[in-house]
Amino acid sequence: MRSFFALLSILTCILGLIIIIRGCVHPNKYQKELSKEITTAVRVTQIYAEATHIVVVGIGIICLGILTASIGRLIHTDEIKNFYISIIKIFKKNTIDSDQ
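Residues numbered from 1 in each chain as written. Predicted model: local features only at pLDDT ≥ 70, side-chain atom pairs only at ≥ 80, totals over all residues. Heavy atoms only, no water.

I tried to follow the overall build of the chain on my own but got confused; where do I start?
Summing up its helical and strand segments, the chain has four helices and zero strands in all. Ordered by position from the N terminus, the helices and strands of the chain form the series α-α-α-α. The C-alpha radius of gyration computed for the chain amounts to 24 Å, which surpasses the reference 13 Å derived for 100 residues by more than 25%, pointing to a less compact arrangement than a globule. Looking at the chain as a whole, 20% of its 100 residues qualify as buried. (Helix = DSSP H or I, 4+ residues; strand = E, 2+ residues; numbered from the N terminus. Rg over C-alpha atoms; globule rule 2.2 N^0.38 Å. Buried < 20%, exposed > 50% of the residue type's maximum accessible area, 1.4 Å probe, protein only.)

Below, the structure is given as structure tokens:
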């Protein structure tokens with residue numbers, strides 16, 4: 001179970017890093033517009049606000065990955081196994097009662 005949480009955390013952090021890199025590269029897409037002599041301040045602000053938003057979303061996804069790793073460290077496999085066994089027993093008991 002811990003390996004599942006570790007793998008999930010790694011994949012989430014990689015996704016967050018990719019999104020951060022996309023946010024850092026975002027203003028380069030508009031380099032032609034930013035290099036004009038007459039560029040409005042509103043357009044420049046909009047481009048950099050979009051880039052900042054993308055980076056902040058990436059940071060949030062990385063934080064989610066770190067939270068996933070922390071949860072994975074706190075959960076013990078025996079507790080989860082006992083929880084699943086108790087749920088299965090409850091469902092088996094309910095189906096036996098409904099058959100009678």
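Right, picking up where we left off after that structure.
Looking at this structure, how should I read the confidence of the model for the chain?
Low pLDDT means the predicted atomic positions in that stretch should not be read closely. Averaged over the chain, the pLDDT score is 86; the fraction of residues at 70 or greater is 93%. Summarising per-element confidence for the chain, the mean pLDDT is lowest in helix H4 (residues 77-99) (74) and highest in helix H3 (residues 41-74) (93). (pLDDT = per-residue confidence, 0-100.)

Explain the packing of aromatic side chains here, please?
Any pair of aromatic rings gets described here by the distance separating the centres and the angle formed by the planes. One pass over the structure, following the stated rule, counts two aromatic pairs. Aromatic pair Phe4 and Phe5: ring centres 5.7 Å apart, planes at 70°, arrangement edge-to-face. A relative accessible area of 46% places Phe4 in the partly exposed class. (Phe/Tyr/Trp six-rings, centres within 6.5 Å; stacked < 30°, edge-to-face > 60°.)

What should I look at first to understand the side chain of Thr12 in this one?
Along the chain, the position of Thr12 falls in helix H1 (residues 2-29). Separated by 2.7 Å, the side chain of Thr12 and the backbone oxygen of Leu8 make a polar contact. Excluding its chain neighbours within four sequence positions, the residues that come into contact with Thr12 are Ile61, Leu64 and Gly65. (Polar contact = N/O pair within 3.5 Å; in protein donor to acceptor, adjacent residues only side chain to side chain. Contact = heavy atoms within 4.5 Å.)

I tried to follow the pattern of salt bridges on my own but got confused; where do I start?
Note that side chains of opposite charge can pair when their charged atoms are close. What the rule picks out here adds up to one salt bridge. In this structure, Arg43 and Glu33 form a salt bridge, with 2.6 Å as the shortest nitrogen-oxygen distance. You can see Arg43 sitting in helix H3 and its partner Glu33 sitting in helix H2 (residues 31-34), a full 10 residues away along the chain. (Salt bridge = Lys/Arg side-chain N within 4 Å of Asp/Glu carboxyl O.)

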